[in-house]
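Now for the letters of each chain:
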Amino acid sequence: MAMKRAQELSVSIMIPCYNEESTIAKCIASCLRQTVKAKEVIVVDDSSTDKTAAVLATFGNKIKVVKTPKNTGNKSHAQEHGLSFVQGDIIVTTDGDTLLDHKFIENIRKSFEDPKVYAAAGYVRSLKYNWLTKCRALDYSVGQNFHKVAQSYLGYMHVIPGAAGAFRADIFRDHLKFDHDTITEDLDFTYKLHKKGFKIAYNRDAIVYTQDPSTLNSYLNQMRRWYGGGWQNLQKHLDIASIHPAQALELSLTYIEGLAFSCLLFILPLLNLRYAIFALLFFMVPATILSIYAAIKEKRPDLLTASVPYVVLMYINSYVFLEQFVKEILLKKKNLTWYKPERVSL
Amino acid sequence: MNPVTPFIGLSFIVHLLIIAYSKLAELAQKTFIKIQTWRLQ
């Protein structure tokens, strides 16, 4: 059968959700307000206990609501449940706390003009809220405009974000399966795609706006999930390093450098306090330059003041990175518990 | 989504160099195409 051209591909949006009463309505509204209409918007309600079901009912037949028989407690279980209802050629995955830019489908679909592209990663922007989300916005800007751009040149996209991913539907049916054995399903899928040699595109014009943790506690929980999931996936897919040199390079840069850097940050003050202060000042220089870059790139002047808390958060991130390394790699205490961040209205 | 790495270290420098190299390669390719087109005219 001849492959469809990009503009002929129909798109299904899938939103797994659990207790998202405060955010889900705006998320769905953004999915329905697209310049290129989705064939269907599927909301997988993981047996919410709040008013999510009532909010979903207000959309009537504009959306398809699928409910899991009981709470699965895990996003990938909900996604797997929803997959059997997908009818489109492309599946767009997003989260209940995320808003899609009105041109998201139009832009992400363009990535599939290349018939070799089987999945695409969009661009995530953090919604403005407080100093923590400001740091995250800076982190996203640096990660997506430097690291990910370089990765796309190398042909090795490290991760397709769960909030802004698109996949040809048939690869899920024919090649990918949900293992539910890691806590970051987006990283698991990306590594699987690399192993099977599927091309992943990066599209910075396909933008989503997401709600990031606004309290230190929820920030720590999210970082624990991300880094814990990172270590879990590294153990599970270590063989991808042997497939392509670029993959080996990226894994080394992420995990080995991460480990060395984290250790260094905590060893320096023990050796000599002056070294630690020097390191702190040293990191302030690139952090300030990058915050100026991000303020211009994201058109957010408030990011100009993100450099100081950003450097402080580097220490927190390093601590969590080491903590999860010890837990997941050394102690083999695998954590598969999904955590639910607190939400504020979008 | 997972951040690539929270650190401004070696990975940042390596990625910056990769971008610079790729941009330069693209520029060189475009220049060669222009020269070829000009020669054919």
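For the structure given in this document, a descriptive report is provided here. (Residues numbered from 1 in each chain as written. Chains lettered and ligands numbered in written order. Predicted model: local features only at pLDDT ≥ 70, side-chain atom pairs only at ≥ 80, totals over all residues. Heavy atoms only, no water.)

Take the overall build of chain A next. Along chain A, the regular secondary structure elements total 11 helices and eight strands. Relative to the compact-globule value of 20 Å for 346 residues, chain A shows a C-alpha radius of gyration of 20 Å, a close match. With respect to the three principal axes, the spread of C-alpha positions in chain A is 65 × 45 × 40 Å. Residue pairs in contact within chain A that sit at least 24 positions apart in sequence constitute 81% of those at least 6 positions apart. Of the roughly 14,900 Å² that chain A leaves accessible, carbon and sulfur atoms contribute 61%. A gap of 2 Å separates the mean positions of the 42 positive and 33 negative side-chain charges of chain A. (Helix = DSSP H or I, 4+ residues; strand = E, 2+ residues; numbered from the N terminus. Rg over C-alpha atoms; globule rule 2.2 N^0.38 Å. Contact = heavy atoms within 4.5 Å. Areas by Shrake-Rupley, 256 points an atom, 1.4 Å probe, with all protein chains shown as cover. Lys, Arg positive; Asp, Glu negative; His and termini not counted. Charge placed at Lys NZ, Arg CZ, Asp CG, Glu CD.)

In this section: the overall build of chain B. Within chain B, the secondary structure is distributed over one helix and zero strands. A total of 41 residues make up chain B; the buried ones form 39% of that total. Total accessible area on chain B stands at roughly 3,000 Å², and carbon and sulfur atoms take up 70% of it. (Buried < 20%, exposed > 50% of the residue type's maximum accessible area, 1.4 Å probe, protein only.)

Taken together, the side chains of Ile-267, Leu-271 and Tyr-275 of chain A present a nonpolar region at the surface, about 320 Å² in accessible area. Structurally, Leu-271 of chain A can be placed in helix H9 (residues 245-271). (Patch = residues over 30% accessible without salt bridge, like charges linked within 9 Å, V, L, I, M, F, W, Y side chains within 5 Å. Salt bridge = Lys/Arg side-chain N within 4 Å of Asp/Glu carboxyl O.)

On to the nonpolar core, then. Residues and elements named next belong to chain A. The biggest cluster of nonpolar side chains holds 55 residues, and the ones touching the most others in it are Ile-13, Ile-15, Val-43 and Phe-104. Tallying contributions element by element places helix H8 (residues 216-236) first for this core, with seven residues. Those residues in contact with Ile-13 that lie beyond four places of it in its chain are Cys-31, Ala-38, Glu-40, Val-41, Ile-42, Val-92, Thr-94, Leu-100 and Ile-105. Of all hydrophobic cores here, the second largest spans 51 residues; its members include Phe-167, Leu-265, Ala-279 and Ala-295. (Core = buried A, V, L, I, M, F, W, Y, C linked by side-chain atoms within 4.5 Å.)

Let's shift gears to a positive patch on the surface. Where like charges cluster on the molecular surface, the positive patch consists of Arg-204, Lys-297 and Lys-299 of chain A together with Lys-23, Lys-30 and Lys-34 of chain B. For the positive patch, the leading source of residues is helix H1 (residues 10-40) of chain B, giving three residues. Position of Lys-299 of chain A among the secondary structure elements: in the loop between helix H10 (273-297) and helix H11 (307-330).

Looking now at the pattern of salt bridges. Residue and element names in this part refer to chain A. Counted by the stated rule, this structure contains 17 salt bridges over all chains. Close ionic contact of Glu-185 with Lys-75 constitutes a salt bridge, the shortest N to O distance being 3.3 Å. Here Lys-75 lies in helix H3 (residues 75-83) and Glu-185 lies in helix H7 (residues 185-195), a separation of 110 residues in the sequence. Judged by relative accessible area, Lys-75 falls into the buried class, the value being 10%. Each of Lys-177, Asp-179, Asp-181, Asp-188, Lys-192 and Lys-236 takes part in a single network of salt bridges with overlapping partners.

Further remarks concern the pairing of strand E8 (residues 199-210) of chain A. All names here are of chain A. Alignment of strand E5 (residues 98-100) against E8, held across three bridges, turns out to be antiparallel. Opposite Leu-99, over in E8, you have Tyr-209 as the bridge partner. Taken together, the eight bridges between strand E6 (residues 117-126) and E8 define a ladder with parallel strand orientation. Note that in E8 the partner of Tyr-123 across the bridge is Ile-207. (Pairing = 2+ DSSP bridges.)

All names here are of chain A. Interhelical geometry of helix H5 (residues 131-154) versus H11 gives an angle of 85 degrees and a closest axis separation of 9 Å. The angle between H5 and H11 falls in the class roughly perpendicular. Residues Trp-131, Leu-132, Cys-135, Leu-138 and Asp-139 of H5 pack against Pro-309, Tyr-310 and Leu-313 of H11. Of the residues assigned to the contact of H5 with H11, the class counts are seven nonpolar, no polar and one charged. (Axes fitted to C-alpha atoms, helices over the stretch in contact; angles between N-to-C directions. Parallel < 35°, antiparallel > 145°, perpendicular 65-115°, else oblique. Nonpolar A, V, L, I, M, F, W, Y, C, P; charged D, E, K, R; others polar.)

With that settled, consider the environment of Val-41 of chain A. Residues and elements named next belong to chain A. Locating Val-41 in the fold gives a position in strand E2 (residues 40-45). In sequence terms Val-41 and Cys-17 are 24 residues apart; their C-alpha atoms lie 13 Å from each other. If we ignore the near neighbours within four places in the chain, the residues touching Val-41 are Ile-13, Ile-15, Cys-31, Leu-32, Ile-63 and Lys-64.

All names here are of chain A. Counted under the stated rule, the structure contains 16 aromatic pairs over all chains. Ring geometry for Trp-231 against Tyr-255: centres 5.1 Å apart, planes inclined by 50 degrees, an arrangement best described as tilted. Note that Trp-231 is positioned in helix H8 and Tyr-255 in helix H9, a separation of 24 residues in sequence. Here Trp-231 falls in the buried class, since its relative accessible area comes to 3%. An aromatic cluster is present here, built from Tyr-227, Trp-231, Tyr-255, Phe-321 and Phe-325 joined pairwise through their rings. The ring of Tyr-118 carries Arg-168 above its face, with NZ or CZ at 5.7 Å from the centroid. (Phe/Tyr/Trp six-rings, centres within 6.5 Å; stacked < 30°, edge-to-face > 60°. Lys NZ or Arg CZ within 6 Å of the ring centre and 35° of its normal.)

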